[in-house]
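Structural overview for review
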Amino acid sequence: MKNFKKYLALILGAAMIFALAACGGGSSEEPAETESGGDAEVLKVVTEPTFAPFEFTEDGNEEIVGFDPDMMAAIAEDQGLTLEWVTMEFDSLIPALQSDQGDIICAGMNKLAGDRADKVDFGETYFTSNLMLLVSSDSDLSGIDAVTPDMKLASQIGTTGGDMVQAMQEEGKIAEGVVLNQWTDCYLQLKNGEVQGVIVDKPVGTEYLSEHSDIAKFAGEGFGDTEEFAFAVKKGNTELLDKLNTGLANLKANGKYDELLTKWKLSAE
Ligand code: GLN
């Protein structure tokens, strides 16, 4: 009889251990891993960082600073994402997402321009703007409608400004639309008298003039279609886009968005 009770206790004990193991109870689980078995996925944010105050580098420093990195860092914290920033030319940004070289575009990109929305999926608008004509401080040019066919205008390749100066050249309104890879090159062309104007986004031109009003100024009022800056993801990546949009909505609700506008001297138009 004594042996029977011993066997019964052994069998019951084994059954309890098996039951615990089967429901995973009691063991301290390892932190979840991604499907690929690695740590949390690092998402690549691609940008062209000569677009102050949205994204730029300063004093030869590699770090990209500005409104966009601050906004994306706050969204990442809110949504539990891990980001790294990758620099490339503006007209390479959309192809980078299409070829899986990047996960997110954040570059003051106008989601309404051309066929961009056919190629990537844009999120909610985080800033609105329009274009301005930047001229030398001694220029008597009154605005974009006063340019003459002998003039040259510069802007950045692949941007709404770049497309506009190329269209103006094709229409014979200017002698040449000079499209360059970096905004800093466009400003240099103006400073050196190589071009008579630069077509640039108003908040970016304003930032440039905050330090160069001795050599440049705006000519006339804003023009072109209202631009809606938005981040973008690869076509179909709705899961990531929903996270980014939710994060942005949370920043707008909790005051962080307005705090960043103030930090970077931007006013939501
Ligand atoms: N907002 C303009 C565009 O979308 C310029 C953007 C930029 O140069 N980063 O084309």
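As a starting point, this report considers the structure included with it.

Parameters and conventions
- Starting afresh in each chain, residues are numbered from 1 along the sequence in its written order.
- Side-chain atom pairs in this predicted model are given and counted only at pLDDT of 80 or more, local residue features only at pLDDT of at least 70, and totals for whole chains, interfaces and linings cover all residues.
- To get the side-chain values, all heavy atoms of the structure are used, and hydrogens and water are removed first.
- For each structure, a 1 Å grid was placed over the protein atoms alone; sets of points admitting a 1.4 Å probe that cannot get out are labelled cavities, open sets with protein on both sides within 12 Å along at least five of seven lines are labelled pockets, and lining residues have an atom within 4 Å of a point.
- Grid points are joined across faces, edges and corners, and a volume is the space filled by probe spheres set on the points.
- Residues are grouped as follows: Ala, Val, Leu, Ile, Met, Phe, Trp, Tyr, Cys and Pro are nonpolar; Asp, Glu, Lys and Arg are charged; all remaining types, including Gly, are polar.
- For two strands to count as paired, DSSP must find a minimum of two bridges between them.
- Only DSSP runs of H or I reaching four residues or more are called helices, and only runs of E reaching two or more are called strands; each is numbered from the N terminus.
- The axes are straight lines fitted to the C-alpha atoms, using for helices just the contacting stretch, and the angles between their N-to-C directions are given from 0 to 180°.
- Throughout, a residue-residue contact means that at least one pair of heavy atoms, one from each residue, lies within 4.5 Å.
- Any residue under 20% of the maximum accessible area for its type is buried, any over 50% is exposed, and the rest in between are partly exposed; the area is computed with a 1.4 Å probe on protein chains only.
- In this description, the arc belongs to the directions extending from the helix axis to the C-beta atoms.
- Here, proximity means that at least one heavy atom of the residue falls within 4 Å of the molecule or strand.
- Pairs of N or O atoms within 3.5 Å make up the polar contacts considered here, provided that, within protein, one atom can donate a hydrogen while the other can accept it, and that residues adjacent in sequence are counted only when both atoms are side-chain atoms.
- Accessible surface area values rest on a Shrake-Rupley calculation with a 1.4 Å probe, where residue burial reflects the displayed protein chains alone.
- More than half of a molecule's atoms lying within 2 Å of a cavity's or pocket's grid points is what places that molecule inside it.
- Working definition: rings of Phe, Tyr and Trp (its six-membered ring) pair if their centres are within 6.5 Å, and the pair is stacked with planes under 30 degrees apart, edge-to-face with planes over 60 apart, and tilted otherwise.

Right, let's talk about empty space enclosed by the protein for a bit. Gaps between atoms show up when a probe of the same size as a water molecule is rolled over them. Taken as a whole and assessed by the stated rule, the structure comprises one cavity of 30 Å³ or more. Of the pockets and cavities examined, the largest cavity occupies roughly 100 Å³. Lining of the largest cavity is provided by 15 residues; of these, Phe51, Phe90, Ala107, Gly108 and Thr159 occupy positions nearest its centre. Its residues assigned to classes, the lining of the largest cavity shows five nonpolar, five polar and five charged.

Pairing between the strands of a sheet comes from backbone hydrogen bonds, and it takes one of two forms, parallel or antiparallel. If you walk across this open sheet you meet the five strands as β9-β8-β10-β7-β11, and the pairing is mixed. Looking at which strands have only one partner, the edges of the open sheet turn out to be β9 (176–180) and β11 (216–229). Taken over all neighbouring pairs, the strand axes of this sheet differ in orientation by 25 degrees on average, direction set aside. Bridge count between strand β8 (residues 152–156) and strand β10 (residues 197–201): two bridges; the pairing is parallel. When the sheet's bridge partners are listed, Leu153 is paired in β10 with Gly197. Taken strand by strand, helix α6 (residues 183–191) contacts β7 (127–136), β8, β9, β10 and β11, and its axis lies near 150 degrees from that of β10.

Turning our eyes to something else, we now look at helix α9 (residues 256–263). Of the positions making up α9, those classed as buried are Tyr257, Leu260 and Leu261. The buried side chains of α9 occupy one side of the element, clustering within an arc of 105 degrees when seen end-on. On its buried face, α9 is in contact with α2 (67–79), β7 and α8 (238–254).

What follows is about the site of the ligand. Ala107, Asn110, Arg116, Asp201 and Glu227 are the nearest of the 14 residues found near the ligand. Trp183 is positioned with one of its side-chain polar atoms (N or O) 2.9 Å from an oxygen atom of the ligand. A total of 300 Å² of accessible area belongs to the ligand in isolation, and the protein chains cover 100% of it. In this structure the site holding the ligand corresponds to the largest cavity. The residue makeup of the shell around the ligand, split by class, is six nonpolar, five polar and three charged.

According to the stated counting rule, one finds 13 aromatic pairs in the structure shown. Ring geometry for Phe54 against Phe229: centres 5.2 Å apart, planes inclined by 70 degrees, an arrangement best described as edge-to-face. Residue Phe54 is found in the loop between β2 (50–51) and β3 (55–56), and its partner Phe229 is found in strand β11; the two are separated by 175 residues along the sequence. For the residue pair Phe54 and Phe229, the accessibility class agrees, reading buried in each case. Summarising the aromatic geometry, the rings of Tyr187 and Tyr208 are spaced 4.0 Å apart at their centres and angled 20 degrees between planes, so their arrangement reads as stacked. With a gap of 21 residues between them, Tyr187 in helix α6 and Tyr208 in helix α7 (residues 202–212) connect regions that are remote in the sequence. Since its relative accessible area comes to 9%, Tyr187 is described here as buried. Through a chain of ring-to-ring contacts, three or more aromatic side chains come together here, namely Phe51, Phe54, Phe67, Tyr126, Phe127, Trp183, Phe229, Phe231 and Tyr257.

Time to look at helix α5 (residues 160–170). Think of an α-helix as 3.6 residues a turn; residues three or four steps apart then line up on the same face. For α5, the full list of buried residues reads Thr160, Gly161, Gly162, Val165 and Met168. Those residues of α5 hidden inside the fold are in contact with α4 (116–119), β7, β8, β9, β10 and β11. Gly172 lies just past α5 and shows a positive phi near 80 degrees.

Another aspect to go through is the environment of Ala249. Counting through the fold element by element, Ala249 comes out in helix α8. Overall, Ala249 belongs to the partly exposed group, its relative accessible area being 41%. Separated by 125 residues in the primary sequence, Ala249 and Glu124 have C-alpha atoms spaced 8.7 Å apart.

For the rest of this paragraph, the subject is the layout of surface pockets. Taken as a whole, the largest pocket encloses approximately 580 Å³ of empty space. If you trace the largest pocket, you find 22 residues lining it, with Ala52, Phe56, Thr57, Thr184 and Tyr187 closest to the centre. Looking at the lining of the largest pocket, the elements with two or more residues in it are α6 and α7. Tallying contributions element by element places α7 first for the lining of the largest pocket, with five residues.

With that out of the way, let us pick up the side chain of Thr159. Secondary-structure assignment places Thr159 in the loop between β8 and α5. In this structure the side chain of Thr159 is engaged in a polar contact, spanning 2.6 Å, whose partner is the backbone oxygen of Gln156. When residues no more than four places from it in sequence are discounted, the contact partners of Thr159 are Phe90, Arg116 and Trp183.

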